[in-house]
Every structure is written in structure tokens, then in C-alpha cells.
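Geometric and topological summary
So the chains spell out like this:
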Amino acid sequence: MKRPRVDIEANHRLITRRAAILGGVQLAFVGALAARMQFLQVDQADQFRLLAEENRINMRIIPPSRGEVFDRNGVPLARNAPSYRIVVVREDAGDVADVLERLGKVVALDPEEVDRAMAEMKRSAPFLPVTVADEVTWEDLSRVSVNAPALPGVTPEVGLSRVYPFGSDYAHVLGYVGPVSDYDLERLDDPDQLLRIPRFQIGKVGVEAKAEDLLRGKGGAKRVEVNATGRVMRELDRREGTAGSDLQLTIDSKLQSYVQARLSGESASTVVMDCTNGDLLAISSAPTYDPNLFVRGISTRDYASLTENKYRPLASKTVQGIYPPGSTFKMITAMAALEEGLIGPDDTVYCPGHLEVSGRRFHCWKRAGHGSVNLQNSLKQSCDVYYYDLAVKVGIEKISAMANRFGLGIRHDVPMSAVAAGLTPTKDWKLRTHGDDWRVGDTVNASIGQGYMLASPLQLAVMAARLASGNEVKPRLIKSVDGIEQPELGGESLGLNENNLRKMRRAMFDTVNDRRGTAYGSRIIDDAMRMAGKTGTSQVRNITAAERARGVTRNADLPWERRDHALFVNYAPYDNPKYAVAVVVEHGGGGSRAAAPIARDVTLQALAGGDPPLEAYPTKDRERIREQQEKLRAIQPLANITGKDQA
């Protein structure tokens, strides 16, 4: 059998075409690969170089220095102190648990702080530094630095932390700072990136919180180069932030310190206000607390000791506390009647010890009554019946309107937490709030500062300052911001009849300086410092007819929380008013016994600029006052420091 003849030429042509196709495919592949390489290595070189840079260069936020706070004389009240700490950056650390275990062999770590830091790392951005140890020693910082190669992502830092040099003296004014919480972030629509830095401190209450935007400042940024283990090799560049503004308060440190010491042992509050411009020179609540405890997070034990204290040390009673103003309100009722022309200074009302109104008997504090009293004597002896009678003539609407003109029932604009508006009730208010009609008896109660009437110590100080000046004085707490003086508020005339104001002032003068006045025991005998004032006692319980029949129980025989509040308001000097003072002693009993002596001591301290001469006191009080001054001086941090030393 013959084999088929092979066409050699045809096979050769077929092989040549296949080789050409294969070579073309190879050439196309090589060309595409070259084009891609050119795209990556030439055209996109800058972009990939940047990505490579980002792998070894980190951006870090630089927290700004918080603004500091000073008193009116430049004494630092809230300042920043260097604080050594150790931080960890999660994205640089890799295995965080392993790194922290190694760190714990170098320095002592608090297990609770480690757990907290781990929790913060999980909810924070990976590039943010988280503090794992705060307030460490220089030796600890050195050990961490020496062992840095074995501790990726761990960095020792020197930061700033808030310090309150005078501790509890300013707790209710300044408040305190603390770490940002989830609650803080939830309240803000667009929180500053600074607030996302774990353990970043912001104001929580008081001036620290209310002036947060001024005090915080603006953050900066820095670029740092890190190696493969996350250790910072060098800082490439830095953009500094803007420090927060420094604030100067109107408070006088020495006076504030004295007032706080004078209130020691009481559940009380005191406000001292400049009658001419509204500056708050002292605003103190007792008992108080140390705000330094809150800066890095207060312990459960310390916090419980504050919240479980029945005297409420955390409350800023000067602005948050609202109390029935008692007889300190009688000047308002009298001014409402005088301005309406319903009474004259010599018109009298007979006080038998009570007044029948709408079938109900309203009692005077003096069971036997005061007999016939005119305006001046009614205030001097604090006769309740006289004001019951006025209330029926004037009505609640005019009484409440007059109270507003004197600063009661108004939420004053001071940068403190939970500033209360108090209450000056009206008929519409009762209908809206209680769904009930106003009764004449409600007006009678309101006329002596009882019933629904409520006021804060700050408002009572404003009332006293306006009575003294006749002007719409408004309280001011911030004196300057970064050295720029802040405007004084108010100062316009109240538009009241000056003769009527003079009658009130004279009656207040007699209340303190006349032998029959309720505050005669707390008078000042130095003519250049004499004060005018008014006592007040506000009930916190109802006195039944049966109790009244057998004799009202003395405050001293009642449990503390059922005793009356003691109040006193005053201004001095009488002839040239400079300072107005309001004092409230919770459950202190009578205003003449508990509140007036404090107010006199504080007033003299303000006028004298320190301990006043003993000659300003009645002779019988001088030895006791001398001993008191020595005791108080021993517990005042500024009592024996000169102005130069303070600064």
C-alpha cells in the first residue's frame, strides 16, 4: 500500500502563520505589560509615593492649652499644670494586649485604668492616642523611653491637666473639668474633633462648662514619622493650635475665702454684690467639695460621700437654691402699695396678732401683736399683719410685677450651672400650673414672702442692690476675656419714685440700728460702715391650729430639716451704698439669730478689705469676734498672703 504524498510546502506555510499569531499575542502581552508598568511607575508615581508615605507618616492632633481663670486681682483660680502620662496608639501598637502586658513589666499599671483604656481604644479612631497611665513619675517616663523598641505604639508624653489651687473655695463658681463622655458627645450636633481624643478634658459644670467655647481653644496638628514597629522616629512638621482665652472673674479671692470659712459648719449661701455695677465679689455655698477630685474621674466612694450628704454639697445654693424669701420680701409689697398711692408713711394698721381674710385667720409672728404700726415701724419690727392688709389692697398682679422690677422671678445671666428663675406667682400662673383659681389667701401669703413665692440668694442680693441704688443693677461674673473688659450690665433707673425708695431705705436702716429693730443685735457701730437690712424667716412646714393653741414648737426642738430657713439682706454703707449682701441659712431658724450675724461679718470684711477693726462691732461682741477672726484666719488660704505673693 502506498503512503499518501506529504505536501511539505503547505505544512511550512501553516507553521509560519501559527508562529506569527503566537508572536503577535506575545508581543501584545508584553506591550500591555509595559504600558501598565509605565502607568504605575510613571504616570501614578506621585499617588503611590503618597500612599507609601502614609504608611510611615502619621497625623496627630495637638490639644490646645486650656484658658486659665483668675480673680479680679489676678490671683489664679484655675490653672494648667504639667502632667506626665503614657499613651498608646492602637494602629501603631499591633497586638495591643501584648504591648500592654510588656508595658506592665516596665511600669506599674492600674488594672482598672488598663480596662478603661482598652474600652476607649475600641470606640476611638485607631490613630488617636489613648492614655493608659496618668500622673506617672519621671522615673517611669524614663523607663518607658529606654524600652521604647520593645513597646510599639507606646509614647511617653508631657501634657497639661487642670488644677484648682484653692480647692473647695471656688467649687460652686468654677465647677470642674472632666473627660469627655458619650453623653457629652450626644448633646452636640457637630462635635469638635478635639472632643474625640480619649480623656480630653472639658468643662462639666460652672464657669468651666458655661465658658467652654472660650476656654477650650482650637487644636493643632503634627506629622510624625514612625518605623515598622510604630515607634515615632521624628517630627516632620507642626501646626500649633490656638490656646483658650484667659478669663478674669469679678470675684475677690480674699473675700470669697473669708465667706467660705465663715459659712463653715452650715448649710448656707452668701452673695456679695457691688451696688454700683453688679460685680459679684463673693458667691459662696456651704458645704462645698474639692473640684480637683473630678478632673481625672472621681472615685465611686468619693462621689457617694457627696451625693448621700443631706446638706447637698454639690448644689450651688446661691443660684440653684430657691426659697420662700420670708420677710425680706416685705419691701416689695410696700413698694407696690406706695407706687400705687394706696398708703402713706403715716397710715397705720392695727395688729392684734392676726388678720381674718375670707374666713381664715392669718397670724403674725408675734402672738400678742404689735398694736398700731405705720410703714416704718412695720418693717422695723417685721409686723406680718400690716402686710396682710396691704396685700388685700394691692393684689398679686402688682406685687409680682414689682418683684420682677427688683430682680425676683428673673433668671439672671451668669455663667453658672442651673441658674434658677425663682417664682413670682400670678393668677394666670396658678391656673396654668395647678388648674385652680387664685384666692385672696394666696395673695396674703405672698405678701410676706411665703406661699408660692420663691427666690434665690442671687436674686435677693440683686433686690438689695436695686433698693440701695434705685437702678436696674444686673449681676456680672466675668470681668474680662483675654484682658478685654466685659461690659457692665444694666444701670438704668428703675423709674420708681425716689421718695418711696428713701422710705424703704430708712425703714431698713432702723431694722438694724433701732433698738426695737429685728436685726439690732447685728448692727455696725462705725458710722462710716453702718448698714441697712431686713431679716427674714421662711417656714418649711405647716403649723396646725392645735399646735398654735398649745404653743408653736421651737425650731431648736424640731428635726433639722423641719426648721425654718433664716434669711437676711442688707447693703452698706447706708449713706453711700457700695455692697449688697444676701445670706440664706437652710433650716437655720430665725433670720436675726442665724443669718444677720453672718451678713454683718461679711459686709464688714468687704468694706475693710480684710479683717475690720474690732471698734466697728458693739463692745459686748468684740472679744468673741476677735477669737472668731483668729479661727477663720487659720483656715483661709489667702488670709496671710500679700497681693504680690498671690499673683
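This is a predicted model, so every value here is computed, not measured.

Our next topic: the overall build of the protein chain. Secondary structure assignment for the protein chain yields 24 helices and 23 strands. For the protein chain, the exposed area adds up to about 31,000 Å²; of that, 50% sits on carbon and sulfur atoms.

Our next topic: the packing of helix α15 (residues 384-394) against helix α18 (residues 440-447). Direction vectors running N to C along α15 and α18 enclose 130 degrees, while the axes themselves pass 8 Å from each other. Looking at the two axes, α15 sits oblique to α18. Where α15 crosses over α18, the two elements pack in a sense that is right-handed. Residues Y387, Y388, A391 and V392 of α15 lie in contact with α18, whose contacting residues are V440, T443, V444 and S447. Classifying every residue of the contact of α15 with α18 by side-chain character gives six nonpolar, two polar and no charged.

To continue, consider helix α16 (residues 396-405). Along α16, the positions that sit buried rather than exposed are I396, I399, S400, M402 and A403. One side of α16 carries all its buried residues, which in axial view fall inside an arc of 160 degrees. Buried-residue contacts for α16 involve α13 (330-339), α15, α17 (427-434) and α18. Looking one or two residues beyond α16, the residue adopting positive phi is G407, at roughly 95 degrees.

Attention shifts here to the nonpolar core. In this structure, L280, Y386, F406, L460 and M463 are the most contacted members of the largest nonpolar core, which totals 97 residues. Filtering out sequence-adjacent residues up to four positions away, L280 remains in contact with T250, I251, V271, V272, M273, V414, L458, P475, R476 and L477. Core analysis: the next-biggest nonpolar cluster, separate from the first, contains 34 residues, L255, A286, I524 and A595 among them.

Following A286, the chain continues to P287 via a peptide bond in cis, the omega torsion being -5 degrees. Mapped onto the elements, P287 comes out in the loop between β12 (280-286) and α12 (300-307). The omega angle of the peptide bond from A572 to P573 is -15 degrees, so this bond is cis rather than trans. Secondary-structure assignment places P573 in the loop between β22 (565-572) and β23 (579-585). A positive phi angle, close to 55 degrees, is found at A418, a residue other than glycine. Note that A418 resides in the loop between α16 and α17. Note on A418: relative accessible area 52%, which makes it exposed.

Let's shift gears to the sheet that holds strand β11 (residues 268-274). One open sheet holds the five strands; their spatial order is β12-β11-β23-β22-β21, and the pairing between them is antiparallel. Strand pairing shows two members of the sheet lacking a second neighbour, β12 and β21 (532-538), which therefore form its edges. Across this sheet, the average inter-strand angle for adjacent strands is 5 degrees, counted without regard to direction. Across seven bridges, β11 lies against β23 in antiparallel orientation. Residue pairing in the sheet places D274 in a bridge with Y579 of β23. Docked against the sheet, helix α11 (residues 253-262) engages β11 and β12, running at close to 25 degrees with respect to β12.

Turning next to the state of the cysteines. This structure, assessed with the given rule, holds zero disulfides. Of all cysteine sulfurs, the one in C351 lies closest to C364, which takes part in no disulfide; the gap is 4.0 Å. The exposure class of C364 is buried, given its relative accessible area of 6%.

So, on to the pattern of salt bridges. When the charged atoms of two side chains with opposite charge come close together, those side chains can pair. Inspection of every chain in the model, using the stated rule, returns 33 salt bridges. The salt bridge involving D442 is made with K430; its shortest N-O contact spans 2.7 Å. Highlighted residues: D442 in helix α18 and K430 in helix α17, separated in sequence by 12 residues. Across the pair, K430 and D442 agree in class, each one buried. Residue R439 is joined to D436 by a salt bridge in which the shortest nitrogen-to-oxygen separation is 2.8 Å. On the basis of relative accessibility, which here comes to 45%, the residue R439 falls in the partly exposed class. A residue is classified by how much of its surface remains accessible, and D436, at 29% relative accessible area, is partly exposed.

To continue, consider the pairing of strand β14 (residues 354-357). Bridge count between β14 and strand β15 (residues 360-363): four bridges; the pairing is antiparallel. Across the sheet, residue L355 finds its bridge partner in β15, namely F362. Once β14 ends, the chain turns through two residues before running back antiparallel as β15, passing S358 with a positive phi of about 50 degrees.

One pass over the structure, following the stated rule, counts 13 aromatic pairs. The interplanar angle of 65 degrees and the centroid separation of 5.1 Å between the aromatic rings of W429 and Y452 together place this pair among those described as edge-to-face. Pair noted here: W429 is in helix α17 and Y452 is in the loop between α18 and α19 (457-469), with a separation of 23 residues, a long-range link. On the basis of relative accessibility, which here comes to 15%, the residue W429 falls in the buried class. Taking the relative accessible area as the measure of exposure, Y452 reaches 26% and is therefore partly exposed. Ring pairs connect the aromatic residues Y176, Y289, F294 and Y303, which therefore count as one cluster.

We now examine the environment of P156. Here P156 lies in strand β5 (residues 154-163). The partly exposed category is assigned to P156, whose relative accessible area is 26%. Separated by 71 residues in the primary sequence, P156 and R85 have C-alpha atoms spaced 6.0 Å apart. The residues touching P156, leaving out its near neighbours within four places in the chain, are R85, L141, V144 and S145.

Glancing now at the environment of D71. Along the chain, the position of D71 falls in the loop between β2 (69-70) and β3 (76-89). Its relative accessible area of 0% is what places D71 among the buried residues. In terms of polar contacts, D71 uses its side chain to reach the backbone amide nitrogen of G74, at 2.9 Å. Here the side chain of D71 touches V75 through a polar contact of 2.7 Å, landing on its backbone nitrogen.

Conventions used here
- Residues numbered from 1 in each chain as written.
- Predicted model: local features only at pLDDT ≥ 70, side-chain atom pairs only at ≥ 80, totals over all residues.
- Heavy atoms only, no water.
- Helix = DSSP H or I, 4+ residues; strand = E, 2+ residues; numbered from the N terminus.
- Areas by Shrake-Rupley, 256 points an atom, 1.4 Å probe, with all protein chains shown as cover.
- Axes fitted to C-alpha atoms, helices over the stretch in contact; angles between N-to-C directions.
- Parallel < 35°, antiparallel > 145°, perpendicular 65-115°, else oblique.
- Left-handed = near helix turned anticlockwise from the far one by under 90°.
- Contact = heavy atoms within 4.5 Å.
- Nonpolar A, V, L, I, M, F, W, Y, C, P; charged D, E, K, R; others polar.
- Buried < 20%, exposed > 50% of the residue type's maximum accessible area, 1.4 Å probe, protein only.
- Arc of directions from axis to C-beta.
- Core = buried A, V, L, I, M, F, W, Y, C linked by side-chain atoms within 4.5 Å.
- Pairing = 2+ DSSP bridges.
- Disulfide = S-S within 2.5 Å.
- Salt bridge = Lys/Arg side-chain N within 4 Å of Asp/Glu carboxyl O.
- Phe/Tyr/Trp six-rings, centres within 6.5 Å; stacked < 30°, edge-to-face > 60°.
- Polar contact = N/O pair within 3.5 Å; in protein donor to acceptor, adjacent residues only side chain to side chain.

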